[in-house]
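# Structural features, examined
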Amino acid sequence: YPAGASPVRMTILQTPADSNYLNNTNAPSVLVLVPDISVGASTVPDVVTVNSNFNFSFFVTNNGIVPAGNVQAVYTLPSGVTVVSLPIGCTTNLSGGVNCDIGAISVGAVQSRTIPIRTSATNGTYNNVVVVSSVPADTNTINNRAVSAFTVVVPSAAPDIAVGTTISPSVV
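A short tour of the structure in this document, coming up. (Residues numbered from 1 in each chain as written. Predicted model: local features only at pLDDT ≥ 70, side-chain atom pairs only at ≥ 80, totals over all residues. Heavy atoms only, no water.)

### Structural notes on unusual backbone geometry
- The step from V44 to P45 runs through a cis peptide bond, and the omega angle for that step is -10 degrees.
- With respect to the element layout, P45 can be found in the loop between β5 (37–44) and β6 (47–49).
- Phi angles above zero are rare outside glycine, and N51 is one such case at about 65 degrees.
- Within the secondary structure layout, N51 lies in the loop between β6 and β7 (53–62).
- Here N70, not a glycine, exhibits a phi torsion of approximately 45 degrees, which is positive.
- Of note, N70 is situated in strand β8 (residues 68–76).
- Judged by relative accessible area, which is 42%, N70 ranks as partly exposed. (Helix = DSSP H or I, 4+ residues; strand = E, 2+ residues; numbered from the N terminus. Buried < 20%, exposed > 50% of the residue type's maximum accessible area, 1.4 Å probe, protein only.)

In C-alpha cells:
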C-alpha cells in the first residue's frame, strides 16, 4: 500500500447465491494525505573565532499536497555554544537546546528562523542540528533533519615585539 493508505475489505452478497463466491471480495486502498515537510540549515559565517557571535538559520518547506499544521523545530546546540537571543515563538528546552513553534505551513510555503549564537568552543568543527515535525505526522522523515557545520579557530597570540630608538646628541 502507498504511504498513508489503509486496507479496507468489502464482501458482496447476492441473492440468489452466486456460484463463484471467490470474486466477491475487494480490498480497495484508502489514501490518507499528509504533508511532506523538509528542513535546510546554514551557519553564517561558517568559520568563526572563539568568543564571537554568529547566526544559525533554518528554513522549513512544505513539499506536500496538504497544509502542515503544528510544525515544530528542535535545535540542538553543540558543546560550547550558547544562544544570544531567541526569535519569536522559540524557547529553550530542558536539555539546553531550542524549541521553535513554527505553526502552520501552507502547501509550497517556507518558514525560517535565525538564532544568534555565541561560541566559547576551542579549535575544531562543530555541527548545528535541527529536526522538524508536524501534525499530521510527515511520513517522509528522511528530509526532516538538517546539519550545518561550522569551524572555530582560536587566533594565535601575536608576538610581543617592542621597537625603540635612542637619539644621542651629536658632538659638534
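Continuing now.
### Notes on the packing of aromatic side chains
- Tallied over the full model, the rule gives four aromatic pairs.
- When the ring of Y126 is compared with that of F150, the centres are 5.8 Å apart and the planes differ by 25 degrees; the resulting orientation is stacked. In this pair, Y126 sits in strand β13 (residues 124–135) while F150 sits in strand β14 (residues 145–153), placing the two residues 24 residues apart along the sequence. Across the pair, F150 and Y126 agree in class, each one buried. (Phe/Tyr/Trp six-rings, centres within 6.5 Å; stacked < 30°, edge-to-face > 60°.)

### Regarding the sheet that holds strand β11 (residues 98–105)
- Strand order in the open sheet formed by six strands is β6-β14-β13-β8-β11-β10, and the pairing between neighbours is mixed. Taken across any chain shown, the strands that pair with only one partner, and hence form the sheet edges, are β6 and β10 (90–92). With direction set aside, neighbouring strand axes in the sheet form an average angle of 25 degrees.
- Note that β8 and β11 share six bridges and pair antiparallel. (Pairing = 2+ DSSP bridges. Axes fitted to C-alpha atoms, helices over the stretch in contact; angles between N-to-C directions.)

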